[in-house]
Amino acid sequence: MKRIPFVLALLLMFTVALPGSGFAALQQADSVSTDDLVFTEVGSSADSAANDIVKDTAKQDTVLKDTAAVTMTSSAGAVGLSSGEAEDQTLWDTFIAGLLGGFIAFLMPCIFPMVPLTISYFTKKAGSRQKGIGHALIYGASIIVIYVAFGLLITVLFGSAKLNELSASGWFNFAFFLLLVVFAMSFFGAFEITLPSSFVNKIDQKADTSKGLGGLFFMAASLALVSFSCTGPIIGTLLVQASSKGDILAPAIGMFGFALALALPFTLSAIFPGFLSAMPKSGGWLNSLKVCLGFLELALALKFLSAADLVWHWEWFDREIFLSLWIVIFVLMGVYILGKIKFSHDSDVPYVSVPRLFFAMFSLAFAIYLIPGLWGAPVNILSGIAPPMNTQDFILTAGNSAAPSGADDGFPAAVKYNETLKPPVGFNAFFDLDEGMAYAKKVNKPVLIDFTGHACVNCRKMEDKVWIDPEVGRLIREEYVLIQLYVDERNIKMPKEKVHYSEVLRTNTDDLGRWNGDFQATKYIANSQPFYVLTGQDLNPMVKPQGAVFDAKEYAAYLQSGLDKFKNVGKPNE
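Note that the coordinates shown come from a computational prediction; the quantities given were computed from them, not determined experimentally.

## Some details on the sheet that holds strand β2 (residues 447–452)
Hydrogen bonding along the main chain pairs the strands of a sheet, whether they run parallel or antiparallel. Within the open sheet, the three strands sit side by side as β3-β2-β7. Their pairing is mixed. Only two strands of the sheet have a single neighbouring strand rather than two, namely β3 (481–486) and β7 (531–535). Averaged over neighbouring strand pairs, the angle between their axes works out to 20° when direction is ignored. Two elements, β2 and β7, share five bridges in a ladder whose sense is antiparallel. Bridged to Asp450 within β7 is Tyr532. Contacting β2 and β3, helix α15 (residues 433–443) runs over the sheet at an angle of about 170° to β3.

Structure representation (structure tokens):
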């Protein structure tokens with residue numbers, strides 16, 4: 001029973017490393033912040049319905065016909081509602097991620113042993129149990145205030161829009177990869193990440209000399225500073241993940257969850273003395289927990305290296321290399337839990353306890369689960385984290401992910417930008433709007449416009465988990481013309497005639513990503529990825545545009561609804 005927190009902590013760490021509510025928690029919508037966007041009115045009396053293909057969206061207010069303006073107004077409202085719900089869900093995920101991070105941080109060697117000393121200090125100082133409880137509540141509230149203020153400071157300094165832009169850049173992802181590697185090395189015991197001792201000492205002096213609320217506040221500040229060597233990597237990971245979601249409140253919400261989980265044990269220990277006595281004793285398991293977190297930080301770092309590889313088109317950090325490194329990391333983690341690997345700050349493991357055995361089995365089993373991915377198995381649990389399947393050099397199984405269907409007679413052998421951009425395995429796709437719309441008109445098929453991005457986690461999850469469904473794959477390949485518009489493609493420059501100043505992005509559309517992003521925001525009043533638009537040859541949505549849908553049957557029904565509309569009406573929005 002004394003080792004239960006060790007079991008729970010490791011379970012939480014695995015949750016953090018995998019898709020779900022953790023530091024690598026995946027967004028419900030990878031979006032660009034609307035805080036700094038100014039949307040322009042779409043549609044005017046001068047709009048022409050005669051243009052079957054958009055030649056250039058340099059002046060995109062000429063794209064929609066006058067009668068479609070009303071339709072788009074209602075669609076925009078619907079999209080806005082959907083985006084709001086997605087943002088609420090994203091904030092909730094961020095809070096859960098912070099909560100898990102706080103509980104893990106509490107079990108770190110820098111904090112856990114301090115609990116009895118801290119509790120006894122301010123309860124004795126209070127003089128009575130009731131005052132001690134009051135002091136504990138103030139102490140916990142001070143911890144929350146400190147971390148939430150830190151989260152707000154990040155947003156104020158950088159701005160949510162800028163942080164989101166950084167999250168899609170190669171430099172940002174590569175820098176964060178290096179940062180997580182440094183964090184992992186710190187957890188392995190190579191060095192400690194500490195704040196300047198003079199600053200920490202001043203806060204300690206304030207805590208000792210101040211009285212009343214001020215003294216408790218500085219005690220909380222002292223805890224935050226002294227424990228930075230353990231909590232810094234966790235906070236850093238959480239803040240970057242939260243900031244990249246594009247919501248101005250995300251960093252503060254993440255820090256609120258983190259601080260709440262960190263403050264609760266201190267407060268509960270003062271209110272319920274039995275809680276403190278039930279806690280396990282400090283020991284070598286704390287270091288083991290810290291090292292395991294280092295392995296997970298190292299695994300997570302590879303996700304950001306993969307994103308940089310995709311954005312910069314290095315094409316060397318492919319899926320096999322990523323999976324091979326993850327397999328090695330989790331094998332080493334399992335061997336470490338069994339006590340076969342020992343770091344400088346570890347204590348001897350005279351025998352393998354039952355919790356250690358089970359978690360070693362879990363780690364080694366997870367490594368074995370990843371092995372088939374080296375030959376092209378989906379490995380769905382890593383969808384959105386691992387590089388896309390089109391980076392795989394060798395795929396053993398054919399099945400639904402085989403070569404694209406030949407149903408689209410006359411599909412070009414080479415399409416524009418295909419030397420840089422690749423479609424999902426098993427699909428044909430255009431990457432230029434004009435080219436794709438011209439082909440759709442030629443074969444008289446509806447169009448699936450997929451607004452996507454290299455660093456878009458949910459885009460990859462949709463392709464890896466939903467598009468491989470037989471019915472979904474058939475509908476996309478045989479019934480639609482797929483046009484993938486990357487909103488974060490910076491290497492492909494636009495010709496001069498297509499470069500214009502975007503009132504939405506507040507920059508020139510000088511590369512393909514900005515041009516596509518401006519087109520999405522101006523035409524469809526949306527700014528999230530993935531974003532799917534089922535349209536005819538006039539670019540007007542046949543049904544309400546849709547974001548990520550991780551239920552294959554629901555997504556197939558969505559595709560079928562657009563196809564039915566196209567066949568029944570003939571020309572959409574006629």
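## Remarks on the state of the cysteines
Evaluation of the coordinates by the stated rule reveals one disulfide. In this model, Cys456 is linked to Cys459 through a disulfide, with the two sulfur atoms separated by 2.1 Å. Because the torsion about its S-S bond is 80°, the bridge between Cys456 and Cys459 counts as right-handed. Neither Cys456 nor Cys459 differs from the other in exposure class; each is buried.

## What about the packing of aromatic side chains?
Overall, the coordinates contain 35 aromatic pairs when judged by the stated rule. Here the aromatic rings of Phe174 and Trp312 are separated by 6.3 Å at their centres, their planes lie at 45°, and the arrangement is tilted. On the criterion of sequence distance, the pair formed by Phe174 in helix α6 (residues 170–188) and Trp312 in helix α12 (residues 284–312) is long-range, its members being 138 residues apart. Classification of Trp312 by relative accessible area gives partly exposed; the value is 23%. A connected cluster of aromatic rings, assembled from ring pairs, spans Trp171, Phe174, Phe177, Trp312, Trp314, Trp316, Phe317, Phe322, Trp326, Phe330, Phe366 and Tyr369. Positioned above the aromatic ring of Phe304 is the side chain of Lys303, whose terminal nitrogen or guanidinium carbon lies 4.6 Å from the ring centre. Over the aromatic face of Phe550 sits the side chain of Lys461, whose NZ or CZ is 4.4 Å from the ring centroid.

## Concerning the environment of Asn527
Turning to its location among the elements, Asn527 is positioned in the loop between α18 (512–524) and β6 (528–529). What makes Asn527 buried here is its relative accessible area of 12%. It is 9.1 Å that separates the C-alpha atoms of Asn527 and Phe451, two residues lying 76 residues apart in sequence.

## With respect to the nonpolar core
Membership of the largest hydrophobic core comes to 50 residues, with the highest contact counts inside it found for Leu448, Trp467, Tyr555 and Leu559. Elements with a minimum of two residues in this core: α15, β2, α16 (457–466), α17 (470–479), β3, α18, β7 and α19 (552–569). Ranked by residue count, the leading element in this core is α19, at seven residues. Setting aside its immediate chain neighbours within four residues, Tyr555 contacts Leu448, Met462, Val466, Trp467, Val472, Ile476, Tyr532 and Val549. Counting 35 residues, the second-largest nonpolar core is a separate cluster that includes Ala184, Leu305, Phe330 and Leu370.

## As for the pairing of β2
In terms of burial, β2 is largely enclosed, as six of its six residues are buried. Both faces of β2 are covered, namely the face carrying Val447, Ile449 and Phe451 and the face carrying Leu448, Asp450 and Thr452. By the bridge criterion, six bridges tie β2 to β3 in an arrangement that is parallel. Each bridged residue has a counterpart across the sheet, and for Phe451 the counterpart in β3 is Leu485.

## Quick look at the packing of helix α13 (residues 319–337) against helix α14 (residues 354–370)
Here α13 crosses α14 at 165°, and the two axes come no closer than 8 Å. Of the possible angle classes, the one that applies to α13 and α14 is roughly antiparallel. Read as a crossing pair, α13 and α14 show a hand that is left-handed. In contact with Leu323, Trp326, Ile327, Phe330, Val331, Met333, Gly334, Tyr336 and Ile337 of α13, α14 contributes Arg356, Phe359, Ala360, Ser363, Leu364, Phe366, Ala367 and Leu370. Of the residues contributing to the contact of α13 with α14, the split by class is 14 nonpolar, two polar and one charged.

## Here's the deal with a nonpolar patch on the surface
The grouping of Val352, Val354, Leu357, Phe358 and Met361 at the surface amounts to a nonpolar patch, some 480 Å² of accessible area in total. Note that Val354 resides in helix α14.

## What about helix α10 (residues 250–271)?
If you check α10, its first and last C-alpha atoms are 31 Å apart, about what 22 residues at 1.5 Å a residue would give, namely 32 Å. Approximately 30° is the largest bend angle found in α10, and it occurs at Ala263, with the proline Pro265 only one to four residues beyond. Among the 22 residues that make up α10, 17 are buried, leaving the element largely enclosed by the rest of the structure.

## Structural notes on the side chain of Gln520
Note on placement: Gln520 falls in helix α18. What makes Gln520 buried here is its relative accessible area of 1%. If we ignore the near neighbours within four places in the chain, the residues touching Gln520 are Phe451, Val487, Ile525, Ala526, Asn527, Ser528, Gln529 and Phe531.

Definitions and cut-offs
- Residues numbered from 1 in each chain as written.
- Predicted model: local features only at pLDDT ≥ 70, side-chain atom pairs only at ≥ 80, totals over all residues.
- Heavy atoms only, no water.
- Pairing = 2+ DSSP bridges.
- Helix = DSSP H or I, 4+ residues; strand = E, 2+ residues; numbered from the N terminus.
- Axes fitted to C-alpha atoms, helices over the stretch in contact; angles between N-to-C directions.
- Contact = heavy atoms within 4.5 Å.
- Disulfide = S-S within 2.5 Å.
- Buried < 20%, exposed > 50% of the residue type's maximum accessible area, 1.4 Å probe, protein only.
- Phe/Tyr/Trp six-rings, centres within 6.5 Å; stacked < 30°, edge-to-face > 60°.
- Lys NZ or Arg CZ within 6 Å of the ring centre and 35° of its normal.
- Core = buried A, V, L, I, M, F, W, Y, C linked by side-chain atoms within 4.5 Å.
- Parallel < 35°, antiparallel > 145°, perpendicular 65-115°, else oblique.
- Left-handed = near helix turned anticlockwise from the far one by under 90°.
- Nonpolar A, V, L, I, M, F, W, Y, C, P; charged D, E, K, R; others polar.
- Patch = residues over 30% accessible without salt bridge, like charges linked within 9 Å, V, L, I, M, F, W, Y side chains within 5 Å.
- Areas by Shrake-Rupley, 256 points an atom, 1.4 Å probe, with all protein chains shown as cover.
- Salt bridge = Lys/Arg side-chain N within 4 Å of Asp/Glu carboxyl O.
- Expected span 1.5 Å × (residues − 1).
- Bend = angle between axes of the 7 residues up to and from the residue.

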